[in-house]
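Okay, here's what each chain looks like letter by letter:
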Amino acid sequence: MAKSWKWLAIYAASISLASAGNVYAAEEDKAPDFTPRSYHVAELDSQVLAASSLYAFDSGLDFAYPDAVRGIFVTANSAGGERFDSLIDLVDESDLNAMVIDIKEDFGHLTYIPEEGSVLAELDMGQGLIKDPRAMLERLEEKEIYPIARVVVFKDTVLAEERPELTFMDGDQVWKNNRGESFVNPFMKEVWEYNVQVAIEAAKLGFKEIQFDYVRFPEGFENRADSLSYSLGDYEEADIDPTQKRVQAVTDFVAYARKQLAPYGVEVSVDIFGYAATLPEAPGIGQNFSKISENVDVISSMIYPSHWTSYFGIAKPDLEPYQLVAEYAKVENRVLGALDNPPVSRPWLQDFTASYLGAGNYMNYGKPEVEAQIKALHDNGIDEYLLWNAGNSYSPGVDYTP
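A few points on the structure. Residue numbering note: each chain is counted from 1, following its sequence as written. Since the coordinates come from a predicted model, pLDDT governs what is reported: local features require at least 70, and pairs of side-chain atoms require 80 or more to be given and counted, while whole-chain, interface and lining totals use all residues. Water and hydrogen atoms were dropped before computing side-chain values, which therefore reflect all heavy atoms in the structure.

Moving on: the packing of helix H5 (residues 83-92) against helix H6 (residues 133-143). The packing of two helices is summarised by the inter-axis angle and the distance between the axes. Closest axis-to-axis distance for the H5/H6 pair is 11 Å, and the angle between their directions is 25°. Taken as axis vectors, H5 and H6 run roughly parallel relative to one another. Crossing angle aside, the handedness with which H5 passes H6 is right-handed. Across the interface between the two elements, Phe84, Asp85, Ile88 and Asp92 of H5 pack against Met136, Arg139, Leu140 and Lys143 of H6. The angle between two axes is taken between their N-to-C directions and runs from 0 to 180 degrees, where each axis is a line fitted to C-alpha atoms and a helix contributes only its stretch in contact. Helix and strand labels come from DSSP, where a helix needs a run of H or I of at least four residues and a strand needs a run of E of at least two; each type is numbered from the N terminus. What sets the label is the angle itself: under 35 degrees gives roughly parallel, over 145 gives roughly antiparallel, 65 to 115 gives roughly perpendicular, and the rest give oblique. Two helices that cross are described as forming a left-handed crossing if the nearer one is turned anticlockwise from the farther one by less than a right angle, and a right-handed crossing if clockwise. Note on definitions: a residue-residue contact is assigned when non-hydrogen atoms from the two residues lie within 4.5 Å.

Once that is clear, we can look at the nonpolar core. Counting 119 residues, the largest nonpolar core has Met99, Phe212 and Phe253 as its most contacted members. Counting residues per element, this core draws most heavily on helix H8 (residues 189-205), at ten residues. Setting aside residues up to four positions removed in sequence, Phe212 forms contacts with Val151, Val153, Asn195, Ala199, Phe253, Ala257, Leu261, Val268, Ser269, Val270 and Asp271. We call a set of buried residues a nonpolar core when its members are Ala, Val, Leu, Ile, Met, Phe, Trp, Tyr or Cys and they connect through side-chain atoms within 4.5 Å of each other. Partly exposed residues are those whose accessible area sits between 20% and 50% of the maximum for their type, while under 20% is buried and over 50% is exposed, using a 1.4 Å probe and protein chains only.

For the rest of this paragraph, the subject is helix H9 (residues 242-261). The span one expects for a helix is its residue count, reduced by one, times 1.5 Å. Compared with an ideal rise of 1.5 Å per residue, which puts 20 residues at 28 Å, H9 spans 29 Å between its outermost C-alpha atoms and is within 8% of the ideal. With 14 of its 20 residues buried, H9 lies for the most part within the structure. Contacts described as polar in this section are N or O atom pairs within 3.5 Å, which, within protein, must combine one atom able to donate a hydrogen with one able to accept it, while residues neighboring in sequence count only if both atoms come from side chains. Looking at where H9 begins, the residue whose side-chain oxygen comes 3.0 Å from the main-chain nitrogen of Thr243 is Asp241.

Along the chain, the position of Glu105 falls in the loop between strand S2 (98-104) and H6. Put simply, Glu105 and Val151 are 46 residues apart on the chain and 6.6 Å apart in space, counted from C-alpha to C-alpha. Excluding residues within four positions of it along the chain, Glu105 makes contact with Thr111 and Val152. In this structure the side chain of Glu105 is engaged in a polar contact, spanning 2.7 Å, whose partner is the backbone nitrogen of His109.

Let us look at H8. Since one α-helical turn is 3.6 residues long, residues separated by three or four positions face the same way. The end-to-end C-alpha distance of H8 is 24 Å, a good match for the 24 Å that 17 residues give at a rise of 1.5 Å each. The buried fraction of H8 amounts to 15 of the 17 residues, a majority that puts the element mostly inside the structure. Among the residues trailing H8, Gly206 stands out with phi positive, at a value near 130°.

In terms of burial, strand S3 (residues 146-152) is largely enclosed, as seven of its seven residues are buried. Here, strands pair whenever DSSP counts at least two bridges between them. Examined bridge by bridge, S2 and S3 share six bridges and lie parallel to one another. Counterpart to Met99 in the pairing with S3 is Pro147. Sheet topology note: the S3/strand S6 (residues 209-213) ladder contains five bridges and is parallel. Each bridged residue has a counterpart across the sheet, and for Val152 the counterpart in S6 is Asp213.

Encoded structure:
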């Protein structure tokens, strides 16, 4: 009963946040036009929004959007540990200018202990990896490093095990993939609300952008959709096929999150598989590149050369980082160019060695390979990017604006 109460508390708090006269509303003159099927749960109060010009949210920290975001991924262990000093030095002494920092990580834990009395405090899902997130952000402000909060959404083993009705069940067991990870159900609005509340709290701390990752169904879900048990929520009666239900749910979440975050003045970005831009949609996981792009400020395709098969006529993509990124950029430019209001493109690039590909299929990545990817983007009119290294050990001596 206590656990159920905790989840009811966050639900009630999120509703009251939207309807009880929150003074931190941004410029908006009417309630969001949520469709009854997708967004009726937490509709913002129109009177609050009407008065919003007088009450813009201010975290108390001042970060300017860089000329072009050039960032690195930072785990919570790094952000809260001794490595943070060297990562700040790397950014401060180069043309890098941003950090993507884990706030809700891959297993579903919050990476800090929420302040007592906050909406998230009752959940008891925080880990004190970042002991003082506000002090961390104040340090980034001092160094003029743009802070992006990474929030892993639908890959969430913690929530899946806590609330099996919000996940996918394999018989009487919570389903896990071959890495032992569980996903929660994108059809469920309660899952949406929880993740948006995490994002709101990150904005209140002072982050200037929320980056949603794992905004999708599990990989290969189309092969197990009929064997697992789960709720379709409000999508049960939708007169569209199962593939489109998944696409609609993922797209609706992104649109919902952006609306709910609008009062806090943060940018909203989404990580997406690179191959999604090359297809009308990725049917199993529910990602439609164009539809997601229409609902975000920034789209971050994960285009690590090691993650491709023989796309673009390149037999061994990891061996040709410039060509792979250049060919991808051409495709993405065409897709985004067809949109009325395209987001900023800010791809994830590879700064790690993919030895798991086996001899002859990979090479050691360092300064030349990282610079080749950056140059390929620039040659195709894309100047923003993020670098991924899971251990945060980035290649020395890189020219980040070659």
